[in-house]
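Architecture and fold: a report
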Amino acid sequence: MEELSQFPVTFSIIALTVVVSLLGFNNHDLKNKAIFYPYGMNAPSEYYRFLSHGLIHADFIHLFFNMFTLYSFGRFVEMYLFNRSEYLILYITALAVASVYDFIKNRNNPSYAALGASGAVSAVLFSSIIFDPWAKNVALFGVITLPNIVFAVLYLWYCIYSSKRGGDNIGHNAHFSGSVYGFVFAAILRPDLFKGFIEKLIHPSF
């Protein structure tokens, strides 16, 4: 029982998400019940969709990229930044927080729906940035490495630009909101690291 209780939260989230997503690929009823659909969320009984949409994905590629990113950064964040409960709270609340803007924006839009864990995954990724703004933890296209702070600025700019441009069926607002929330969450829970982040940002050691 002790070994089971210490099973990584990241792996548990990945396992649950993969299983439900795979089931959802061939089960339209499951997908329709879990999808984030602001137009149909007129009663509190439908608000579970703020969380359930993170368990389903559009296709294998969507699922793979989200879970690979979570695997790549989640264990580090879980081990060195938060305790297990804090990490789980970050992930779950990020699903909801990342969806608030689109919920408000699309309350009267019957053609809008969203699915996937991208908002929560973005929160996990951006929470890791608080360790060092100048470390190169993220590789663009798997090749180009940039300092965390440069990547963060470019990524947030891209989210804003792409959201305004539209037309690509990607939840850029959720990515943006989740990213900002993840960093703020880390800064609040670990003010010592946030202070170190500011100091390193102002006085880089390279």
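Residues numbered from 1 in each chain as written. Predicted model: local features only at pLDDT ≥ 70, side-chain atom pairs only at ≥ 80, totals over all residues. Heavy atoms only, no water.

So, the layout of surface pockets
The space that makes up the second largest pocket amounts to roughly 160 Å³. Lining the second largest pocket, in full, are Ser12, Ile13, Leu16, Thr17, Leu51, Ser52, Gly54, Leu55, Leu88, Tyr91, Ile92 and Leu95. Classifying every residue of the lining of the second largest pocket by side-chain character gives 8 nonpolar, 4 polar and no charged. (1 Å grid on protein atoms, 1.4 Å probe; cavity = no way out; pocket = protein on both sides within 12 Å on 5 of 7 lines; lining within 4 Å. Points joined across faces, edges and corners; volume = space filled by probe spheres on them. Nonpolar A, V, L, I, M, F, W, Y, C, P; charged D, E, K, R; others polar.)

Remarks on helix H9 (residues 172-189)
Side chains three or four residues apart in an α-helix point the same way, a direct result of the helix having 3.6 residues per turn. Look at H9: 26 Å from first C-alpha to last across 18 residues, which is about the 26 Å you get at 1.5 Å a residue. The set of residues buried in H9 consists of His172, Asn173, Ala174, His175, Ser177, Gly178, Ser179, Gly182, Phe183, Phe185, Ala186 and Ala187. Buried residues belonging to H9 abut helix H6 (84-105), helix H7 (118-128), helix H8 (148-165) and helix H10 (191-202). (Helix = DSSP H or I, 4+ residues; strand = E, 2+ residues; numbered from the N terminus. Expected span 1.5 Å × (residues − 1). Buried < 20%, exposed > 50% of the residue type's maximum accessible area, 1.4 Å probe, protein only. Contact = heavy atoms within 4.5 Å.)

A few points about the packing of aromatic side chains
Aromatic rings considered in pairs are described by the distance between their centres and by the relative angle of their planes. Taken as a whole, this structure holds 20 aromatic pairs when the rule is applied. Seen from their ring centres, phenylalanine 64 and phenylalanine 68 are 5.6 Å apart, and the 20 degrees between their planes marks the pair as stacked. Of the two residues, phenylalanine 64 and phenylalanine 68 both sit in helix H5 (residues 60-80), 4 residues apart, roughly one turn of that helix. Judged by relative accessible area, phenylalanine 64 falls into the partly exposed class, the value being 49%. Judged by centre distance (5.7 Å) and plane angle (45 degrees), the rings of phenylalanine 126 and tyrosine 155 are tilted. Residue phenylalanine 126 is found in helix H7, and its partner tyrosine 155 is found in helix H8; the two are separated by 29 residues along the sequence. The buried category is assigned to phenylalanine 126, whose relative accessible area is 4%. Just above the ring of phenylalanine 11 sits the side chain of arginine 75; from NZ or CZ to the centre is 5.6 Å. (Phe/Tyr/Trp six-rings, centres within 6.5 Å; stacked < 30°, edge-to-face > 60°. Lys NZ or Arg CZ within 6 Å of the ring centre and 35° of its normal.)

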